[in-house]
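Listed below are the residues making up each chain.
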Amino acid sequence: MATLVQDNPELNRYEVFEDGELAGFSEYTRSETSLELKHTEVDDRFEGRGIGSALARGVLAAARDDGLAVLPYCPFMAGYIRNHPDEYLDLVPSDRRARFRL
């Protein structure tokens, strides 16, 4: 199955597609220096397939590529970063990590 993550700036969210079908999204607020991750949702029909993880990887890679700090207010995204600190903890400013239990 093909999974694609792409930004939808008109809706302020990254969307994840599985075989061309919208499977989930992560809502954000973006500034010049940061990406605030607010809420992530995966459609129940796609649960258990790693869609949420693919979405998180795509969002965090895009933030890195754009040179943005990540503020994971979304519990799912904070948990993903917590579980993959070697790959993503550096995206969260060190003085803000305690706020997200990182």
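Quick look at the packing of helix α1 (residues 51-65) against helix α2 (residues 75-83)
- Between α1 and α2, the least distance of the axes is 11 Å, while the angle of their chain directions is 80°. The angle between α1 and α2 falls in the class roughly perpendicular. Residues Gly 52, Ser 53, Leu 55, Ala 56, Arg 57, Val 59 and Leu 60 of α1 pack against Phe 76, Met 77, Tyr 80 and Ile 81 of α2.
- When the residues that make up the contact of α1 with α2 are grouped by side-chain class, the tally is eight nonpolar, two polar and one charged.

Description of a negative patch on the surface
- A grouping of Glu 27, Glu 41, Asp 44 and Glu 47 is seen on the molecular surface, where their side chains present a negatively charged patch.
- Tracing the sequence through the fold places Glu 27 in strand β3 (residues 21-30).
- The exposure class assigned to Glu 27 is partly exposed, which follows from its relative accessible area of 32%.

Remarks on the nonpolar core
- Grouped together as the largest cluster of nonpolar side chains are 26 residues, with contacts concentrated most on Tyr 14, Leu 35, Leu 37, Val 59, Leu 60 and Val 70.
- Where this core is concerned, the elements lending two or more residues are β2 (13-18), β3, β4 (34-42), α1, β5 (69-72) and α2.
- No other element matches the seven residues that α1 contributes to this core.
- Ignoring anything within four residues of it in the chain, the contact list for Val 70 reads Leu 35, Leu 37, Leu 60, Ala 63, Ile 81, Leu 91, Val 92 and Pro 93.

Remarks on unusual backbone geometry
- Residues other than glycine seldom take positive phi values, yet Asn 12 does so here, at roughly 55°.
- By the secondary structure assignment, Asn 12 is in the loop between β1 (3-8) and β2.
- Residue classification places Asn 12 among the partly exposed positions, given a relative accessible area of 39%.

Here we look at α2
- Taken residue by residue, α2 has Met 77, Ala 78, Gly 79, Tyr 80 and Ile 81 as its buried positions.
- Tucked inside the fold, the buried residues of α2 contact β3, β4, α1, β5 and α3 (85-88).

Some details on the sheet that holds β3
- Judged by pairing direction, the sheet is mixed, and its five strands sit side by side in the order β1-β2-β3-β4-β5 without closing on themselves. Across the chains shown, the open sheet's two edge strands, defined by having one partner strand only, are β1 and β5. Across the sheet, the axes of successive neighbouring strands diverge by a mean angle of 30°, strand direction being ignored.
- The pairing of β2 with β3 spans six bridges and is classified as antiparallel. Each residue of the ladder has a partner; that of Tyr 14, found in β3, is Ser 26.
- Against the sheet, α2 contacts β3, β4 and β5, and its axis sits at roughly 120° relative to β5.

Procedures and definitions
- Residues numbered from 1 in each chain as written.
- Predicted model: local features only at pLDDT ≥ 70, side-chain atom pairs only at ≥ 80, totals over all residues.
- Heavy atoms only, no water.
- Axes fitted to C-alpha atoms, helices over the stretch in contact; angles between N-to-C directions.
- Helix = DSSP H or I, 4+ residues; strand = E, 2+ residues; numbered from the N terminus.
- Parallel < 35°, antiparallel > 145°, perpendicular 65-115°, else oblique.
- Contact = heavy atoms within 4.5 Å.
- Nonpolar A, V, L, I, M, F, W, Y, C, P; charged D, E, K, R; others polar.
- Patch = residues over 30% accessible without salt bridge, like charges linked within 9 Å, V, L, I, M, F, W, Y side chains within 5 Å.
- Areas by Shrake-Rupley, 256 points an atom, 1.4 Å probe, with all protein chains shown as cover.
- Salt bridge = Lys/Arg side-chain N within 4 Å of Asp/Glu carboxyl O.
- Lys, Arg positive; Asp, Glu negative; His and termini not counted.
- Charge placed at Lys NZ, Arg CZ, Asp CG, Glu CD.
- Buried < 20%, exposed > 50% of the residue type's maximum accessible area, 1.4 Å probe, protein only.
- Core = buried A, V, L, I, M, F, W, Y, C linked by side-chain atoms within 4.5 Å.
- Pairing = 2+ DSSP bridges.

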